[in-house]
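Descriptive structure summary
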There are 2 protein chains.
Amino acid sequence: MPIDKEKGFDAKNNSSGATVNQGPDVWAKAAGRALYGIDLQLPGMLYGKILRSPHPHARIKAIDTAEADALPGVRAVLTASDIKKKRYGIVVQDELPLAYDRVRYIGDEVAAVAAVDEKSASRALEALNVEYEPLSAVFEPKAALAQGAVQIHDQFPGNIAWQRELERGNPDRAFKEADLVVENSFSIPSVHPTYLEPIACVASSDYPGNLTIHTALQSPDIVRDIIAGALELPFSKVRIVGPVMGGGFGGRVYGNLKLYLLSSLLSQFTGLPVKMQLSREEEFCIGRPMIAAELKIKMALRSDGTFLARESEIVTDNGAYSAQAPWVSKTLSERNDSVYRIPNIRTRACLVYTNKVPTAQYRAYGNQAANFACESLIDQAAEKLGLDPLQIRLNNCTQAGDTTVHGLKIKSCALKDCLKEAAAKIGWSNRNKNCGYGISAGIHASGSLVANKDFRGASARAVLELDGRVTLFSGEQDYGQGTYGAFTNIAAGVLELDPDLFSLNCRDSLITPYSQGALANRQTTIGGRAVQLAAADLKKLIEEAASEMAGEPVRMEKGRLKSNDGSIMELAAVAVYYHNRTSGLTLTGEGSYVPPPVEYDETSYGNISVTYSFAAHAAEVEVDRETGAFTIKRIASVHDSGRIINPLAARGQVYGGVAQGVGFSCYEGYLFDRGRVVSKTLADYRIPTALDVPHIACCFIETTDPEGPLGVKGLGEVVQVPVPGALANAVADAAGVRVTELPITAEKIYRAISKGECAR
Amino acid sequence: MPIDKEKGFDAKNNSSGATVNQGPDVWAKAAGRALYGIDLQLPGMLYGKILRSPHPHARIKAIDTAEADALPGVRAVLTASDIKKKRYGIVVQDELPLAYDRVRYIGDEVAAVAAVDEKSASRALEALNVEYEPLSAVFEPKAALAQGAVQIHDQFPGNIAWQRELERGNPDRAFKEADLVVENSFSIPSVHPTYLEPIACVASSDYPGNLTIHTALQSPDIVRDIIAGALELPFSKVRIVGPVMGGGFGGRVYGNLKLYLLSSLLSQFTGLPVKMQLSREEEFCIGRPMIAAELKIKMALRSDGTFLARESEIVTDNGAYSAQAPWVSKTLSERNDSVYRIPNIRTRACLVYTNKVPTAQYRAYGNQAANFACESLIDQAAEKLGLDPLQIRLNNCTQAGDTTVHGLKIKSCALKDCLKEAAAKIGWSNRNKNCGYGISAGIHASGSLVANKDFRGASARAVLELDGRVTLFSGEQDYGQGTYGAFTNIAAGVLELDPDLFSLNCRDSLITPYSQGALANRQTTIGGRAVQLAAADLKKLIEEAASEMAGEPVRMEKGRLKSNDGSIMELAAVAVYYHNRTSGLTLTGEGSYVPPPVEYDETSYGNISVTYSFAAHAAEVEVDRETGAFTIKRIASVHDSGRIINPLAARGQVYGGVAQGVGFSCYEGYLFDRGRVVSKTLADYRIPTALDVPHIACCFIETTDPEGPLGVKGLGEVVQVPVPGALANAVADAAGVRVTELPITAEKIYRAISKGECAR
C-alpha cells in the first residue's frame with residue numbers, strides 16, 4: 001500500500017497543519033533527470049584509474065612506470081615517489097595517498113594513472129610493473145593482538161589502533177549484589193553502506209592553484225579541510241561542488257578520500273580535470289565498510305528485573321587503515337548504555353589493525369551492533385527471571401529529565417510510550433502461538449556536540465530575490481532523507497509563504513556556510529534551526545525595508561506586508577527598493593544557531609549531543625524448526641523524533657531504515673578468504689529486495705524537544721538501531737534457540753536447533 | 001619592444017607605488033588552459049542549430065518539420081508555432097525568438113533544432129522545408145525613408161526605428177553671426193566587434209523550471225532580466241554562469257539574445273542541456289554589427305577660431321531589428337559635442353529599418369564615428385582660418401569645472417595637457433615635410449547614470465576566509481581589460497595585504513551582486529568603488545571581531561592586527577574565532593556605491609555619467625600621391641583616465657584600442673550585395689594584423705577624479721574615439737585631399753587625388 005494511501009495519513013500537511021513541500025530534488029529524481037557523480041563531464045576531462053595491491057601485506061621493491069608512461073593517450077602516471085610523503089587521516093594519520101614502502105591489504109593504492117579515455121587508463125595499469133616482496137599477514141583481530149604477530153604499522157605497536165577502558169559507578173559491587181548475572185558473546189561482521197551510486201568524482205585544478213572537486217558528500221566541508229591539509233593548499237582554495245547524491249548511509253560523510261586525493265593530484269600534474277569512479281566491486285573491496293565487532297556482554301539484575309550493571313568487552317576489526325573507525329568503536333562501546341537506566345558500567349574496547357579492507361562508518365555508527373547484543377541479553381535475563389520482555393524494558397527505560405550513566409541529558413523522551421505502542425501494534429498482548437515475537441529499544445544522538453567542540457552548530461542565509469522569491473543557502477546535505485524539503489518547509493513556515501516560492505543552494509562550498517554536514521542526525525535539528533533563524537532574520541529585514549519604503553510601520557503577517565491602514569505592499573517591490581537603494585545588495589537574513597557548550601570530561605562523561613531520539617521496534621517472525629527457514633511477518637517501528645515536519649518523508653525514512661536494518665540483521669556481512677573480499681558483488685553480498693521487506697507499521701509519538709526548530713529531533717539513524725535486537729529476540733522466541741552471530745540465517749538457526757543449544 | 005621594457009616603465013608598481021597584480025585569469029590564459037564558451041560540455045548535452053532565411057524579405061507560407069522530426073538523433077524541432085508569440089527587445093520590442101509570419105533579412109531565424117550531435121542537427125536543418133513568398137526589400141536608409149517604401153515592421157511606420165531633434169542655445173543666430181561656416185558629409189559603414197571568440201552558450205533547464213545559461217557576457221545580469229522576461233520566468237530562476245570571455249568590445253554586453261533564447265527553449269522542450277555556437281560566418285552575417293551612419297555636419301566659427309555652433313544631420317542604418325541601436329544612435333548624435341566648448345547645437349538624427357543584418361553596438365558606442373566627422377571638419381575650418389590645428393583645439397577644449405552644452409558636469413579634465421602631450425610626442429612643432437600630421441580629441445562617459453536611472457551604482461562583498469585569505473564577490477566582468485586585476489589591487493590596497501591573498505568570484509549570477517556589467521567604462525570606476533568600500537567594511541569587521549577576541553582594542557595596520565601592547569594576531573585566527581562563535585557565518589564586508597541621482601530633462605540635458613575620460617591622439621602618416629598608398633608611421637595616444645592602477649594593463653588597453661581604431665579607420669567595414677553580407681570571413685573583412693599596427697606612443701596624464709576609487713576613470717572606450725579623426729586629418733595633411741568615407745583606403749585617396757577634390 002503506498003504510504004500516502006494509509007488510513008488517515010495526510011502527505012500534504014503535517015500535524016501542525018502546515019503545508020509540506022517535498023523539496024527541489026524530487027522532480028528531477030522522479031523524472032530520471034537528476035545528475036549524479038557518474039554523469040559528470042568537464043571539458044578536456046581525463047579518466048583516472050588506480051593500480052591496487054594484489055597482496056594483503058608486502059614490501060614494494062620497485063615500480064617500473066616507463067612502459068605505461070609511453071602508451072598513447074596516457075597523460076600521467078603517479079607513484080609515491082612523485083608526491084610528498086605526508087600522512088593524513090580522519091582520527092589518526094596512518095594513510096598516504098599512494099603506498100610508499102609497503103602495501104597492507106589487497107586493494108591498497110600503489111599507482112594512479114590519468115589518460116584520455118578509460119581504455120587507455122586501463123592499458124596503463126596493465127603496463128605497470130611492480131615488484132613486491134610478500135610479507136606474512138594477519139587477518140583476525142585476535143591473531144593480530146597475539147604476541148609476536150606481524151606489525152602492520154610501525155607507529156601502532158601491538159596493532160592496536162585505538163582502545164579504552166571505562167568504569168561508571170561501581171560495577172564490581174553491583175555484580176556481587178546482583179540476584180542474576182547473565183552473559184553471552186556476540187559477533188557482527190563488516191557491512192557495506194551499499195548506497196546505490198558508487199562513489200565518483202571529478203577533480204579540477206586550475207592555474208592559480210584552485211582545486212574544485214565535484215563529488216557528492218554528506219560532509220563536503222569537513223572533507224575539504226582534510227583534502228586541503230593533505231595537499232597543503234589553503235582551505236579556501238579547495239571547493240567542493242556536489243551533484244545529486246545517490247545515497248550515503250554514513251559512507252559518504254567522508255566518501256573515499258583516496259579517490260579525491262588521487263584525482264586531485266592527477267589534475268594538478270596534468271592541468272586538466274580528472275574523473276575517477278569506483279566500480280561496485282571496488283566499492284566492496286576497498287570502499288570502507290563498517291567495522292566488524294566481537295562483543296562479550298555481562299549484565300547484573302535484581303530479581304524484580306531492575307538493571308544493576310553491564311560489563312562489555314569489545315574487539316573491533318579496523319582493517320589496514322583507520323579512517324573514523326576509532327569514533328565508531330567508541331559509539332558502539334557506549335551509546336546503548338543510555339537506552340535504559342543502568343547505573344554501573346564497565347567497558348573495555350579495542351580496535352585492531354588487520355591486513356583487510358580499511359573500515360569506517362555506517363548509519364547508526366555501530367549503535368545497532370551493540371543493540372543486537374544488549375537487547376538479546378535483556379531477553380535472556382527476562383527469560384531467567386520469568387518476566388515479560390516488554391515489562392522489563394518499561395521498568396528500566398530512560399525517561400525525560402534523566403541524565404544517563406554516560407552523562408547524556410535527556411530533555412525529551414517518549415521511549416516508554418514508544419515501547420507500549422510498538423507492543424500494541426504487533427499485538428503483544430494477544431500473541432499468535434505459531435509465531436515468535438521480539439521487542440527492542442534504541443537511542444541515538446541528534447546533533448553531535450563533540451564531533452567538533454568549537455563548531456557545534458550551523459548557520460544559514462535567506463535572500464529575498466528581486467522577484468519576491470526566497471533563496472536559502474545552507475551547507476547541509478540532502479542525500480535522499482529530505483533535508484531540502486524540510487528546510488523549505490521550515491523557512492516557509494516562518495515567513496508564512498508558499499513553499500514553492502523557495503529555492504535552495506546547498507551543494508557548493510564556495511557559496512554555502514561551512515557545515516558539519518549530514519552526520520549525527522543534525523540536518524533538520526541543527527541545520528534546520530539555522531534556517532529557521534535566517535528566515536526570521538529575513539522577515540525582520542523585510543519589515544524594516546518595507547517600513548523605510550512606505551515611510552510608516554509595515555508588518556509581515558500571513559506572508560503579506562501590511563501597513564497600519566491595511567494597504568499591502570508586494571515583496572518584490574520591497575526587494576527592488578532595497579536593491580536600488582544599495583545598488584545591488586540584497587535583503588539577506590542570517591541565521592546562526594550555536595548550541596550550548598559541551599561539558600565533557602576525560603572519561604567521556606558528558607552531554608554529547610544537542611538532543612536524543614528514541615525508538616522501539618517489535619517484530620513478528622515465523623520459523624520452520626525443521627529447516628531453520630524463517631519469515632519476518634511484521635515489524636512495528638515507533639519513534640520519538642520530536643515533531644514531524646514532513647510525514648511522507650519521515651515514513652520513507654522509517655521504511656527504508658527498517659528495510660536496511662533487516663538487511664543488517666538477516667542478509668548482509670562481508671566474507672573474506674585470507675584477506676580477500678569474497679562477497680564483492682551484489683549477487684554475493686545480498687541486500688533485501690522489495691520482496692524481502694516485511695510489512696512495516698510506522699508510528700510517531702510526537703514530543704516537542706526544547707532544542708531544534710519546531711521541536712524536531714533526528715530520525716535517520718535511530719530508525720535502524722532497534723531492528724537487530726527485535727529480530728534476534730523474535731527469532732529466539734520462535735525457534736527456541738538464540739543466534740548470536742549476525743546475519744541471522746536459516747542455516748545458523750538450523751545448526752543451533754540441531755546442537756540443542758537452547759539459550760533461553 | 002615589449003611594454004614592460006619601455007624606458008622607465010614599471011609594470012610591477014603604479015604611480016602610487018602600490019604593488020600590482022595582473023588578476024586571476026592571466027595565468028590560465030597564458031597557459032592555454034582557460035575555458036571559453038566553445039569548450040563547454042555538460043552531461044547529456046544536445047547540439048542546437050538554427051535554420052535561417054535565405055531571403056532579405058519574405059512571407060513564410062508553411063514550414064514542414066515532419067521529415068526533420070523523424071531523423072535519427074533529432075530531439076527537438078522548434079518553429080514559431082511551438083512557442084509563444086511574445087516580442088522582446090532591448091530598447092523596443094521588435095523581435096520574436098523565431099520568425100512567425102515574415103522574415104526580414106538574410107539570416108532571420110526560422111526554426112531551431114536540437115540533436116545528439118552537430119551532424120544530426122545539420123541534417124535536420126537540411127530536412128526542413130519552408131515555403132516562402134518573397135517580398136520586395138529595401139537596403140538603404142534613404143530608400144527606406146522614401147514614400148511608398150516597403151514597410152518592414154507594421155508597428156514602425158515609415159521604417160523609422162527611432163529619431164530625435166535637439167536644439168541647445170540659439171544655433172540659428174550663431175550661424176548668422178559666424179565669420180566662417182564649414183560643412184561636409186561623412187559616411188561610416190557597419191563594423192563588427194570581431195572579438196576573437198565567436199559567441200557560444202549552453203542552456204540547461206532543470207525540472208523545477210530553473211534555467212542556467214553558460215555563456216560569457218559583459219552584462220550577464222541585464223541579459224538575465226531580458227531572458228527571464230521573454231520566457232516569462234521569475235528572474236531568480238534564471239542563472240547565468242560565465243566561462244572566460246574571448247573579447248567583447250561591446251558586442252557581448254547583450255551577446256546574442258536569440259542564441260540564448262533558442263537554446264533555452266530547446267532545453268525546456270527536451271529537458272537536456274543544449275549547446276549553440278556561432279560560426280565566424282554567422283558572426284558576420286547575423287552577429288549584430290555596429291550601425292552604419294551618414295553624417296552631414298556644419299560648424300560656425302569666429303575668425304579667431306572660437307567654435308560658435310554645430311549642426312548635425314545623422315541617418316543611421318538599423319537593419320531589420322533594433323537591439324540597442326537607438327541608444328547607440330543617440331550617443332553618436334551628441335557625445336562629441338562635449339569635447340569642446342560649443343554653445344549652440346542643432347541635431348536631427350534618425351535610425352532607419354532596412355532588410356539587412358540587425359545592428360547593435362561596438363566599443364565607444366558610435367562616438368568614434370562622430371569623432372571622424374567632427375574632427376575632420378575642425379581641420380577644414382582651421383585650414384580656412386589659417387590656424388594651427390593644435391591651437392584651434394587648445395583654444396576651444398572643454399576644461400575641469402565646465403558643464404557642457406548637453407549638461408555633462410566635468411569634474412576633472414586634462415584634455416588640454418593631453419593635446420599638448422600628444423603634439424609633443426608626435427613632434428608637432430618640428431613636423432617632417434614628407435609626412436602628414438593629424439590631431440584629434442575625444443571624451444567618453446565613465447559610469448552611465450542613465451542606462452538605468454534607478455540602479456546607477458554597484459555593490460560588492462569581501463569575505464575573510466578561514467585561512468586568512470580574502471574572497472571578493474562582484475557582478476562585474478573581466479573580458480580582457482583587467483577588471484579582476486584592478487579589483488584585487490584595490491582591495492589589497494585598502495586592507496594592505498599581498499594581492500596574491502585575494503580570490504575573485506564574478507562569473508555566476510547566483511552568487512554575485514547584481515551589476516550593470518562591463519559597459520560605459522564602469523568596471524573600475526563604479527565596480528571598483530564598490531570593491532573598495534567592501535574591503536573597507538571588511539577591515540572594520542575584522543577589527544571589531546579581533547577586539548572582541550582579544551578583549552581589548554585591536555587595529556589593522558599595514559595588513560597586521562595589533563593590540564595596544566603591540567602583540568600581533570593572525571587574520572586566520574580571527575576568521576576562525578568568528579566562524580566558531582557564529583557556527584559558520586563569515587566576516588563579510590559589504591560595499592555599496594550609489595552615485596548621485598541624475599538630473600536629466602526630457603531633451604536629454606543633464607549629467608549622464610559619474611565621470612568622463614578624455615584623450616588626444618596625434619598621428620603621423622606617409623602617403624604615396626602617385627598610388628594613394630599610405631603608411632601610418634606613429635600614433636601618440638595620450639589619456640586622462642584619472643589615476644592608473646595597473647600601468648601594464650592600461651597600456652595594453654591603449655595599444656589594443658588604438659590598433660582597433662586603426663582597423664575602424666582604415667581596414668574594416670561591411671560590404672553588402674542586395675542585403676547579403678559579402679564580407680563574411682576574416683579574409684574578406686580585414687582587421688589589422690600585428691604588422692599593420694604602427695608604433696604607438698602611450699602616455700597618461702593622471703588626474704584625481706573625485707568619483708571612483710582612488711580617483712580612477714574609464715579607459716576602455718575613449719582610447720578608440722580620437723583615432724579616426726587623427727588619421728583622417730593626417731592623411732588629408734599628407735595627401736592634400738580629404739577622404740570622407742571610412743575606411744580610408746589607398747583607392748579612395750587615389751580617387752580623391754585624381755578627381756582633384758581637394759577639401760583643404
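Thresholds applied
- Residues numbered from 1 in each chain as written.
- Chains lettered and ligands numbered in written order.
- Predicted model: local features only at pLDDT ≥ 70, side-chain atom pairs only at ≥ 80, totals over all residues.
- Helix = DSSP H or I, 4+ residues; strand = E, 2+ residues; numbered from the N terminus.
- Rg over C-alpha atoms; globule rule 2.2 N^0.38 Å.
- Buried ≥ 20, exposed ≤ 12 C-beta atoms within 10 Å, placed from the backbone.
- Contact = placed C-beta atoms within 7 Å.
- Axes fitted to C-alpha atoms, helices over the stretch in contact; angles between N-to-C directions.
- Parallel < 35°, antiparallel > 145°, perpendicular 65-115°, else oblique.
- Left-handed = near helix turned anticlockwise from the far one by under 90°.
- Nonpolar A, V, L, I, M, F, W, Y, C, P; charged D, E, K, R; others polar.
- Pairing = 2+ DSSP bridges.
- Least-squares fit on C-alpha atoms with pLDDT ≥ 70 in both.
- Domains from an automatic or database assignment.
- pLDDT = per-residue confidence, 0-100.
- Expected span 1.5 Å × (residues − 1).

Considering the overall build of chain A
- Helix and strand content of chain A: 18 helices and 28 strands.
- In terms of C-alpha radius of gyration, chain A reaches 27 Å, essentially the compact-globule figure of 27 Å for 760 residues.
- The dimensions of chain A, computed from C-alpha atoms along their principal axes, are 85 × 70 × 50 Å.
- Out of the 760 residues belonging to chain A, those deemed buried represent 60%.
- A sequence separation of at least 24 residues applies to 80% of the contacts in chain A between residues at least 6 apart.

As for the environment of leucine 262 of chain B
- Locating leucine 262 of chain B in the fold gives a position in helix α7 (residues 257–270).
- For the pair leucine 262 of chain B and lysine 275 of chain B, spaced 13 residues apart in the sequence, the C-alpha separation amounts to 10.0 Å.

Considerations on the packing of helix α6 (residues 220–231) of chain A against helix α7 (residues 257–270) of chain A
Residues and elements named next belong to chain A.
- At a minimum axis separation of 11 Å, α6 and α7 run at an interaxial angle of 50 degrees. Accordingly, the angle class assigned to the pair α6 and α7 is oblique. Note that α6 runs across α7; the crossing there is right-handed. On α7, the residues touching Val223, Ile226, Ile227, Ala230 and Leu231 of α6 are Leu257, Tyr260, Leu261 and Ser264.
- Here the residues of the contact of α6 with α7 sort into eight nonpolar, one polar and no charged.

So, the sheet that holds strand β14 (residues 307–319) of chain A
All names here are of chain A.
- Spatially, five strands are ordered β7-β15-β14-β13-β8 in an open sheet, and the strand pairing comes out mixed. In the strand order of this sheet, the two ends are held by β7 (160–168) and β8 (180–188), each with one partner. For this sheet the average axis-to-axis angle between neighbouring strands, irrespective of direction, equals 5 degrees.
- Helix-sheet contacts for helix α10 (residues 367–385) involve β8 and β13 (292–301), and the interaxial angle to β8 is about 150 degrees.

Some thoughts on the relation of the copies chain B and chain A
- Superposition of chain B onto chain A requires a rotation of 180 degrees combined with a translation of 0.0 Å along the rotation axis, giving an RMSD of 0.0 Å. The superposition operator between the copies reduces to a two-fold rotation axis.
- An overlap of 100% is found between the interface residues of chain B and their copies at the interface of chain A, pointing to a shared contact surface.

So, the packing of helix α14 (residues 523–550) of chain B against helix α15 (residues 571–581) of chain B
Residues and elements named next belong to chain B.
- Their axes nearest at 9 Å, the elements α14 and α15 cross at an angle of 80 degrees. On the basis of the axis angle, α14 is roughly perpendicular to α15. Every residue of α15 that contacts α14 at Ile542, Ala545, Ala546 and Met549 is listed here: Leu571, Val574, Tyr577 and Tyr578.
- By residue class, the composition of the contact of α14 with α15 is eight nonpolar, no polar and no charged.

A closer look at the interface of chain B and chain A
- With 47 residues of chain B at the interface, the matching set in chain A holds 47 residues.
- Taken together, the elements giving at least two residues each to the side of chain B that touches chain A come down to α1 (26–30), β17 (458–464), β19 (502–505), α15 and β23 (588–593) of chain B.
- Per-element tally for the side of chain B that touches chain A: the top contributor is β23 of chain B, with three residues.
- When grouped by side-chain class, the residues that make up the side of chain B that touches chain A number 22 nonpolar, 16 polar and nine charged.

Digging into the domain arrangement of chain A
Residues and elements named next belong to chain A.
- Assigned domains within chain A: domain 1 (10–34 + 457–593), domain 2 (38–135 + 199–277) and domain 3 (292–451 + 600–755).
- Look at where the C-alpha atoms of domain 1 and domain 3 centre, and you get two points 37 Å apart.
- Taken together, the 23 residues of domain 1 in the interface contact 27 residues of domain 3.
- Counting only elements with at least two residues in the side of domain 1 that touches domain 3, the list comes to α13 (483–495) and α14 (523–550).
- When residues of the side of domain 1 that touches domain 3 are assigned to their parent elements, the largest contribution, six residues, is made by α14.
- For the side of domain 1 that touches domain 3, a count of residues per class yields seven nonpolar, 13 polar and three charged.

Remarks on the confidence of the model for chain A
- Mean pLDDT over chain A works out to 95, with 99% of the residues at or above the 70 mark.
- Interface confidence in the predicted complex, given as ipTM, is 0.94; pTM for the same model is 0.95.

Considering unusual backbone geometry
- Proline 743 of chain A follows leucine 742 of chain A through a cis peptide bond whose omega is -10 degrees.
- You can see proline 743 of chain A is positioned in the loop between α17 (723–735) and α18 (746–755).
- A positive phi angle, near 40 degrees, is found at alanine 323 of chain A, a position not held by glycine.
- For tyrosine 365 of chain B, which is not a glycine, the phi torsion comes out positive at approximately 55 degrees.

Quick word on the environment of valine 138 of chain B
Residues and elements named next belong to chain B.
- With respect to the element layout, valine 138 can be found in the loop between β6 (129–134) and α4 (141–145).
- In this structure valine 138 comes out as buried when scored by C-beta crowding, with 23 C-beta atoms within 10 Å.
- C-alpha of valine 138 to C-alpha of glutamate 570: the two residues are 432 residues apart in sequence and 71 Å apart in space.
- Excluding its chain neighbours within four sequence positions, the residues that come into contact with valine 138 are Ala143, Ala144, Ala149, Val150, Thr354 and Asn355.

Side note on the sheet that holds strand β2 (residues 58–64) of chain A
Residues and elements named next belong to chain A.
- Spatial ordering of the open sheet is given by β4-β2-β6, a layout of three strands whose pairing is antiparallel. Two strands in the sheet have a free side with no partner beyond their single neighbour: β4 (102–103) and β6 (129–134).
- Pairing of β2 with β6 involves six bridges; the strand directions are antiparallel. Each residue of the ladder has a partner; that of isoleucine 63, found in β6, is valine 130.

A closer look at the environment of alanine 121 of chain A
Residue and element names in this part refer to chain A.
- By the element assignment, alanine 121 lies in helix α3 (residues 118–127).
- Accessibility expressed as a C-beta count within 10 Å gives 26 for alanine 121, which makes it buried.
- With 74 residues separating them in the primary sequence, alanine 121 and tyrosine 47 have C-alpha atoms 6.7 Å apart.
- Look past the residues within four positions of alanine 121 in its chain and what remains in contact with it is Tyr47, Gly48, Lys49, Val113, Ala114 and Ala115.

Quick notes on helix α13 (residues 483–495) of chain B
Residue and element names in this part refer to chain B.
- Here α13 contains 13 residues, and its C-alpha end-to-end distance of 18 Å stays within 8% of the 18 Å for a straight helix at 1.5 Å per residue.
- Burial analysis of α13 places 12 of its 13 residues in the buried class, which makes it a mostly covered element.
- Buried residues of α13: Thr483, Tyr484, Gly485, Ala486, Phe487, Thr488, Asn489, Ile490, Ala491, Ala492, Val494 and Leu495, and no others.
- Buried-residue contacts for α13 involve β17, β18 (470–474), β19, α14 and α16 (647–666).
- In the stretch just after α13, glutamate 496 is the one whose phi turns positive, near 55 degrees.

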